[in-house]
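Examining the three-dimensional arrangement
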Protein chains: 2
Amino acid sequence: MAETMTLKKIAGQLGVSYSTVSLAISGSPKVNQQTRKTVLELADSLGYRPNLNARSLKQKKSGFIGVIFPDFSQTYYRELMRDIYPALKERGYTGLFFTIDDNEDFSGIVSEIQGRGVEGVISGAHDHSPLMPLYKLGIPVVAYRRTAGVPFSYVDVDREKGAYMAGAHFAELGYKRMAYLGTHFEGREPRLIGFKAALSDNGIDLPDQYVVDGQGMEGGFTGMQKLLELSEPPRAVFAFNDSTAIGAMRAIQMRGLRIPQDVALIGFDNILECRYMTPALSTVAQPRQATAENLVNMLCETISSKSAGMRHVLLEPELIIRESCGARASLQTS
Amino acid sequence: MAETMTLKKIAGQLGVSYSTVSLAISGSPKVNQQTRKTVLELADSLGYRPNLNARSLKQKKSGFIGVIFPDFSQTYYRELMRDIYPALKERGYTGLFFTIDDNEDFSGIVSEIQGRGVEGVISGAHDHSPLMPLYKLGIPVVAYRRTAGVPFSYVDVDREKGAYMAGAHFAELGYKRMAYLGTHFEGREPRLIGFKAALSDNGIDLPDQYVVDGQGMEGGFTGMQKLLELSEPPRAVFAFNDSTAIGAMRAIQMRGLRIPQDVALIGFDNILECRYMTPALSTVAQPRQATAENLVNMLCETISSKSAGMRHVLLEPELIIRESCGARASLQTS
DNA sequence: CTGAAAGCGCTTACAG
DNA sequence: CTGAAAGCGCTTACAG
C-alpha cells in the first residue's frame, strides 16, 4: 500500500516551501517556470493527487453538484442523467447523485448536501419543497419542472402544449372517443389540461371515466385494462409517458386488439424504446439534451454570479408521428 | 444566507469545550447524559450539520464508495445501480457514481476517487484494469463480472450456464437452425460459449454466419436484419441481452414475420420491459438483487477487514419462459 | 518569485 | 466526565 503523497513531502524532497509547491500545482502564474516544471515532474512521478477534502475544507467549496431524481430506473430520468453528467464534468464539477422516492424524507440528503459542501443542486424530485432548507442556506437549487410554492429557477418543457398537440392530432385523424391514461394530480397535470383543451377546441368531450390513473409500465398496463373494460372503450389514448404507453400497448395487444386500427396511442418523452416497439410508438418528444444543458448552465451561472434571481426556461415539445397513432399505415423505423 | 454553524460556535454558546460537543454529537458514551442532551438540542435548533469534508480529512476516510458503470442509460445497469444505492446507504456509505465509456481514459476518475478519499470501488466497467492504480494504493475494488488479468474480487452470474440453458431449451423445442446475436469478444464471451456447448451437446452446429455482432436495441435491430437476409434465416435466436432482443424483435416484426412462429427469441437479463413486449420476451434472468447485495457486502467486508484476499461469487441464472421462445402459444403476462 | 504562518472544521489521544 | 492541544492536507493573504 503506497503511502499517500502530500504537498509537504514533495516540498521536502525538492527543498522548497510547500506553499510554492501548492502554487505550482494549482498553476499560479506567480511561480517560476523552471520551479513549476520541476515540481510538476516530481509530483507526477510520485503519483501525487491533491487531497480534495482538504481543499474543499479550506476553499469552502467542494466542486460537487447534487443531482436529485426520483429513481435510477425511470427511463426518461436516466436519459436525462446521462446528459447532465457530461455537462457537469465539462464545467469541472462532480455530480453527486441521489434518488428519492416520494414518501422518503429528505433530511438525510439535505444533511449530506450541506455537509459535503455541495455548491448547487439540480432537483428532479416530484416535490422540490423539502429542499427549501438548502435554499435558505444559500445553496442554489435549480428544478427540473416547475413546482408551485417554491422560489427555485426551473427548466421545464411545455407539457401542456405537447399534450395539446397530441389531442389536436388525434382530433384531426377523426377520433372521437378518447382517453387520458396516467397520473393527473387531481386534474392539475398540464398534460391532462392540454389534452382536454385540444379536444374541447375540437368540440370533443373527455368524460371522467376516460381519465384513468396509472404510472409506469405496470400502471399503464392495468390502467389500459380498465379502459378496455368500459362498455365503449376509447378509440385513441394519450399516455402520461412512453413507459405508460408501453404498458398500455401490452394490455391492448393481449386482448387481441390492433394498434392503431382498434386503439390509437400516443406517448410522451420519446425514449429510445419508442422506435423499437411494434407498432413504433408515436410520442411527444421532450428536448432532453436542451433540458440538461439549460439546467446545468442555469445552475452554474447562479453559482458564479450569486445572483438570487429566479429564472425560467420553457422548452418546446415536438410531436413525433410513428405508427401507433394511426397517421401512417405501414411498419417502418424512424 | 445563514451563517454556517460549527462545533466551536455551539461550544461557545454553551460554555463547554468544543471537544465535548464533538463527542456528544458523535454519540460517545464518555459524555454525560445531561450534557449530551443539551448539546444535541442546541445543535438541532441551530440546524447544525457536521462538515463532512473536515471529518473526512481528519479521519482519513470519507464515507464514499465509488460506483463505476459504462453508462447511465443501459437498462440492466440502471436497474443494478438502483439496487446498489440503497444497499450502500444502509451501511452508511454514500455512492459516488461515475460512468465511463470504453474509449475514455480513467485518469480523471482515478484522481477523483483518490482525491476524495473514496474508501472502496464497485466497478462495472467493461475493462477493470485501469483501476489497478487504486488497488495499488490500497483502495479495495470489487468487480461486477470477472475480468482476466486483474486481482479483484468479483461477483458474476454464470453467464455460460445461462446461455447453455437457453440453447438447451431451444434444442428441446426442436429448433435446428439457430443464431447468436450480440457481442462475442472474438468468441470469448461466456454466453456464446455456453450457447454453442448446448447446441453441440444436442448435435447441432453453429456456423460462423449465424454468429452476428450487435449491441443494444440498435445493434440488435441491424444485426437481426443481417440474419434475416441470409438465404436460410435462423429459426431461433439467442440474444446477448434483452435490449438487443428488443431491437431484434422489431427487425423481425418489420418484415412481417411472427415471433415465435417464424423466429423464436430468448434474451438475457430479465429487465422490466420483457413482460410488456408482444410477444412477452423469454429470457435468462440475472439475480440482480443478489448481485447488488453481494457486491456491496463483499466490498464492505474487504474495507473493514483490510484483508486483501480475493473472493469470487458466481450466481445462478434462471431461464424464464414467456412467449417469444415458442414453448407457450398464447399471449399472457407473467 | 518564494517562504512562514494562519486557519478551514473536525477528531482524538492525553491529562486531569 | 471534561478540557487543552495537536494535526489531517490544503490555500491564501502577507512579508520579504
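Overview of the structure. All figures in this text were calculated on a predicted structure; none of them were measured in a lab. (Residues numbered from 1 in each chain as written. Chains lettered and ligands numbered in written order. Predicted model: local features only at pLDDT ≥ 70, side-chain atom pairs only at ≥ 80, totals over all residues. Heavy atoms only, no water.)

**Observations regarding the overall build of chain A**
Of regular secondary structure, chain A possesses 12 helices and 12 strands. At 26 Å, chain A has a C-alpha radius of gyration far larger than the 20 Å of a compact globule built from 334 residues. Seen through its C-alpha atoms, chain A measures out along the principal axes to roughly 85 × 40 × 35 Å. Counting the 334 residues in chain A, one finds 54% classified as buried. The contacts in chain A between residues at least 6 apart in sequence include a share of 68% that link residues at least 24 apart. Per element, the accessible surface of chain A, about 14,200 Å² overall, is 49% carbon and sulfur. One way to put it: in chain A the 36 positive side-chain charges average out to a point 8 Å from where the 36 negative ones average out. (Helix = DSSP H or I, 4+ residues; strand = E, 2+ residues; numbered from the N terminus. Rg over C-alpha atoms; globule rule 2.2 N^0.38 Å. Buried < 20%, exposed > 50% of the residue type's maximum accessible area, 1.4 Å probe, protein only. Contact = heavy atoms within 4.5 Å. Areas by Shrake-Rupley, 256 points an atom, 1.4 Å probe, with all protein chains shown as cover. Lys, Arg positive; Asp, Glu negative; His and termini not counted. Charge placed at Lys NZ, Arg CZ, Asp CG, Glu CD.)

**Quick look at the interface of chain A and chain B**
Contacts between chain A and chain B engage 59 residues on the former and 59 residues on the latter. Between chain A and chain B lies a buried interface of about 5,500 Å² when both sides are counted; carbon and sulfur atoms form 54% of it. Where chain A packs against chain B, one counts four salt bridges. Of the charged contacts, one joins B:Glu218 and A:Arg275 as a salt bridge, the two residues approaching to 3.6 Å between their closest N and O atoms. Summed over the shared surface of chain A and chain B, the number is 22 residue pairs in polar contact (both at pLDDT 80 or more). For the side of chain A that touches chain B, the secondary-structure elements that each account for two or more residues are helix 4 (52–59), helix 5 (75–90), strand 2 (94–99), helix 6 (107–115), helix 10 (216–229) and helix 11 (242–254) of chain A. Across the side of chain A that touches chain B, the residue classes tally to 24 nonpolar, 21 polar and 14 charged. (Buried area = accessible area lost by both parts, 1.4 Å probe. Salt bridge = Lys/Arg side-chain N within 4 Å of Asp/Glu carboxyl O. Polar contact = N/O pair within 3.5 Å; in protein donor to acceptor, adjacent residues only side chain to side chain. Nonpolar A, V, L, I, M, F, W, Y, C, P; charged D, E, K, R; others polar.)

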